[in-house]
Amino acid sequence: MRRVVVTGLGAISPTGNTLDDIFANLMAGKSSISPVTIDGPRGTYSNIAGAVAFDPVHYFSPQKISTLDRTTQLALAAASAAIADSNIHFSSEARFQAGVYIGTGVGAANTWEQSYVQLLDRDPNRLRPLTILTVMTNAPASHIAMEYGLEGPNLTFTCACASSAVAIGEAYRQIKHGYTDTMIAGGTEAMLTFGLFKAWDAMRVLALIDEEDPSASCRPFSKNRSGLVLGEGASVVVLEERERAVARGAKIYGELVGYGSSNDASHITKPSVEGQARAMTLALADAGISPDEIGYINAHGTATSLNDVTETLAIKHVFGERATAIPISATKSMHGHLLGAAGALEFLITMLALQRGAIPPTAHLDQPDPACDLDYVANQGRQGQNIRYAMSNSFAFGGTNAVLIARS
Amino acid sequence: MNITLAKLQSIFAKKFSIPKESVIPDTSLEDLGLDSLDALEVFFDIEEEFHICIPQEREEGGHGFHKVQDIVDMIERLIKSQHPAGFLGEEKL
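Bear in mind that the values here come from a model prediction, so they are computed numbers and not experimental data.

Some words on the overall build of chain A
If you tally the helices and strands in chain A, you get 13 helices and twelve strands. For chain A, the C-alpha radius of gyration of 20 Å lies close to 22 Å, the compact-globule estimate for 408 residues. Counting only C-alpha atoms and orienting by the principal axes, one finds that chain A spans roughly 65 × 55 × 40 Å. Burial statistics for chain A: of 408 residues in total, 55% are counted as buried. For chain A, the share of sequence-separated contacts (at least 6 apart) that also reach a separation of at least 24 residues comes to 80%.

The following block contains the structure:
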């Protein structure tokens, strides 16, 4: 039986661009959600978001920047960090056995928007020649493959908020089932644009801004929650077949042991308890463990009432009476919802929690929702936790549910 | 120096950080380290700079030029045909 270990982690995230910063900020309950102002064609738009501190000039030449959408820039930077962290080097032979699976919910939102503004507002005749190559949704995965010469399978997954959890889960299966030895997997999203914000506004699911403390506007599982907060970023992990990783003396964060994937097949946005529970149950079965063995859950926890109550019920459905004994945290309270990159960032956080024996809190949880009555690690992170198995949940518009389980 | 060549040198310098003195009539795009996608980008900037439209070529091999001088000749030919009144670049707009 081939086993799959995590040997590298990298992210460009609202809550930091290094593993130490990311985890320290989360453990301190420090939210990175802040006011943002976006330039639109006829003025500006203001809201709050989990934006990243990322200047592409530190990563790419000026010529290169104009040919890479922000999603690709973020993905390349996160992949570079993960590959450096894993200290992996690809021999010419190993490259055939190494693939790239990346998830993204929206794709190249910034370039699409700039292109339409150019075309409709400035000159109806002209778009930049490389527009197609910049906006294509598989550009992030392709550029990672080109950068490192990875000649194995290269796929892009898009299923809204579960995109990158699915990318990691499917990458795990590639190794487990013997198709590849190494996978670079994760997600990227950069959609803090005028048009996308307006579209989310129209759906009335974005959080109202907390006037006293905008950073506290995203409140999963809290009675006074008002919706989700958008974020951007990329998160990438290096997955390796265990024996090869051990043989090269790789640092091992933990083992990816279970993946469950399901669809609600009922409503485009309204989540279902059964669908979510099925994904968790499938992941537990894949891991070959009982529900009693899970010591931490990184929740999907978006801070919409539909998600939080449904996820709570689904966890109760799967874990029964033991549900109240499992620490659960919604780190979106601090980094926002990265959509197609959310699952990968939260899996990265889950791996750090396992490795460091510490559980980040759910921030801004002062008024628990009576319908959400589990242990959400309110406001205070917990150190000194000996976690054996941890679960990371990702549930999407469109009904896709993806659950990953890792072991320390 | 030919004003078309001087402007072309500025485009290459700005777009690809290629020193102006390297962009001489006898150099090829390959010599400058540019591929077919880079050429597309250069076309775009040339169209903006000279207010011309470079027509899409139907025959295999595109415009078939290899050297900087070929591009200069093409630009001057297109300016003549697309701006018969004779303006040269944006100064006269």
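Additional details are given in the paragraphs that follow.
Some words on the overall build of chain B
Per the secondary structure count, chain B includes three helices and zero strands. The N-to-C order of helical and strand elements in chain B reads α-α-α. The buried share of chain B, taken over its 93 residues, is 13%. Long-range pairs, those at least 24 residues apart, make up 62% of the contacts in chain B with a sequence separation of at least 6.

Let's talk about unusual backbone geometry
All names here are of chain A. Here the phi dihedral of N87 falls at roughly 55°; this positive angle occurs in a residue that is not glycine. One can find N87 in the loop between α3 (70-86) and β4 (98-103). What makes N87 partly exposed here is the crowd of 13 C-beta atoms within 10 Å. The backbone of F221 sits at a positive phi, close to 65°, despite the residue not being glycine. Within the element layout of this structure, F221 appears in the loop between α8 (194-203) and β7 (233-241).

Observations concerning the pairing of strand β6 (residues 182-189) of chain A
All names here are of chain A. The element β6 is extensively covered by neighbouring structure, given that eight of its eight residues are classed as buried. Judged by which residues are buried, β6 turns out to be covered on both faces: T182, I184, G186 and T188 on one side and M183, A185, G187 and E189 on the other are all buried. Here β4 runs beside β6; their pairing, made up of six bridges, is parallel. Looking across to β6, one finds that I102 is bridged to G186.

Quick notes on the nonpolar core
Counting residues in hydrophobic clusters, the biggest one holds 123 residues, and the most contacted among them are A78, I184, V237 and L239 of chain A. Here this core gets ten residues from one element, more than from any other, and that element is helix α13 (residues 342-356) of chain A. Setting aside its immediate chain neighbours within four residues, L239 of chain A contacts V4, V6, A171, Y172, I175, T182, M183, A185 and L256 of chain A. Counting ten residues, the second-largest nonpolar core is a separate cluster that includes I11, I52, V68 and I75 of chain B.

Looking at the pairing of strand β2 (residues 34-40) of chain A
All names here are of chain A. Summarising the sheet, β2 and strand β3 (residues 43-49) pair through seven bridges and their orientation is antiparallel. Residue pairing for β3: S34 is matched across the bridge by A49. Between the antiparallel neighbours β2 and β3 lie two residues.

Looking at the interface of chain B and chain A
In this complex, chain B contributes eight residues to the contact, which on the side of chain A involves four residues. Contributions of two or more residues to the side of chain B that touches chain A are made by α1 (3-16) and α2 (36-50) of chain B. When residues in the side of chain B that touches chain A are grouped by element, the largest group, five residues, is from α2 of chain B. Looking at the side of chain B that touches chain A residue by residue, the class counts come to five nonpolar, one polar and two charged.

As for the sheet that holds strand β10 (residues 328-329) of chain A
All names here are of chain A. One open sheet accounts for ten strands, arranged β5-β4-β6-β7-β1-β8-β12-β11-β9-β10; its pairing is mixed. The two strands at the open ends of the sheet, each matched to only one other strand, are β5 (154-157) and β10. Here four bridges tie strand β9 (residues 294-298) to strand β11 (residues 389-395), and the two strands are oriented parallel to one another. Within β11, the residue paired with N298 across the bridge is S392. The sheet contacts of α3 involve β1 (4-12), β4, β6 and β7, and relative to β1 the element is tilted by about 135°.

Topic: helix α6 (residues 139-148) of chain A
Residues and elements named next belong to chain A. Turning to α6, its buried residues number three or more, namely A139, P140, A141, H143, I144 and A145. Structurally, α6 contributes buried residues whose contacts are with α3, β4, α5 (131-135), β5 and β6. Positive phi appears at G149, one or two residues downstream of α6, with a value of about 65°.

As for the packing of α1 of chain B against helix α3 (residues 68-82) of chain B
For any two helices packed against each other, one specifies the inter-axial angle together with the distance between the axes. Residue and element names in this part refer to chain B. The N-to-C vectors of α1 and α3 enclose an angle of 115°; their axes lie 10 Å apart at closest approach. Crossing angle aside, the handedness with which α1 passes α3 is right-handed. Of the residues in α3, those touching α1 at T4, L5 and L8 are V68, I71, V72, I75 and E76. Grouping the amino acids of the contact of α1 with α3 by side-chain chemistry returns six nonpolar, one polar and one charged.

Concerning the confidence of the model for chain B
All names here are of chain B. On average, residues of chain B score 84 in pLDDT, and 83% of them are at 70 or above. Confidence, read as mean pLDDT per element, is least for α2 in chain B (90) and greatest for α1 (94). With pLDDT under 50 throughout, residues 89-93 is counted as low confidence; its partners more than four residues away or in other chains account for five contacts. Among the prediction metrics, the complex's ipTM stands at 0.74, with pTM recorded as 0.93.

Here is what the cut-offs are and how they apply
- Residues numbered from 1 in each chain as written.
- Chains lettered and ligands numbered in written order.
- Predicted model: local features only at pLDDT ≥ 70, side-chain atom pairs only at ≥ 80, totals over all residues.
- Helix = DSSP H or I, 4+ residues; strand = E, 2+ residues; numbered from the N terminus.
- Rg over C-alpha atoms; globule rule 2.2 N^0.38 Å.
- Buried ≥ 20, exposed ≤ 12 C-beta atoms within 10 Å, placed from the backbone.
- Contact = placed C-beta atoms within 7 Å.
- Pairing = 2+ DSSP bridges.
- Core = buried A, V, L, I, M, F, W, Y, C linked by C-beta atoms within 7 Å.
- Nonpolar A, V, L, I, M, F, W, Y, C, P; charged D, E, K, R; others polar.
- Axes fitted to C-alpha atoms, helices over the stretch in contact; angles between N-to-C directions.
- Left-handed = near helix turned anticlockwise from the far one by under 90°.
- pLDDT = per-residue confidence, 0-100.

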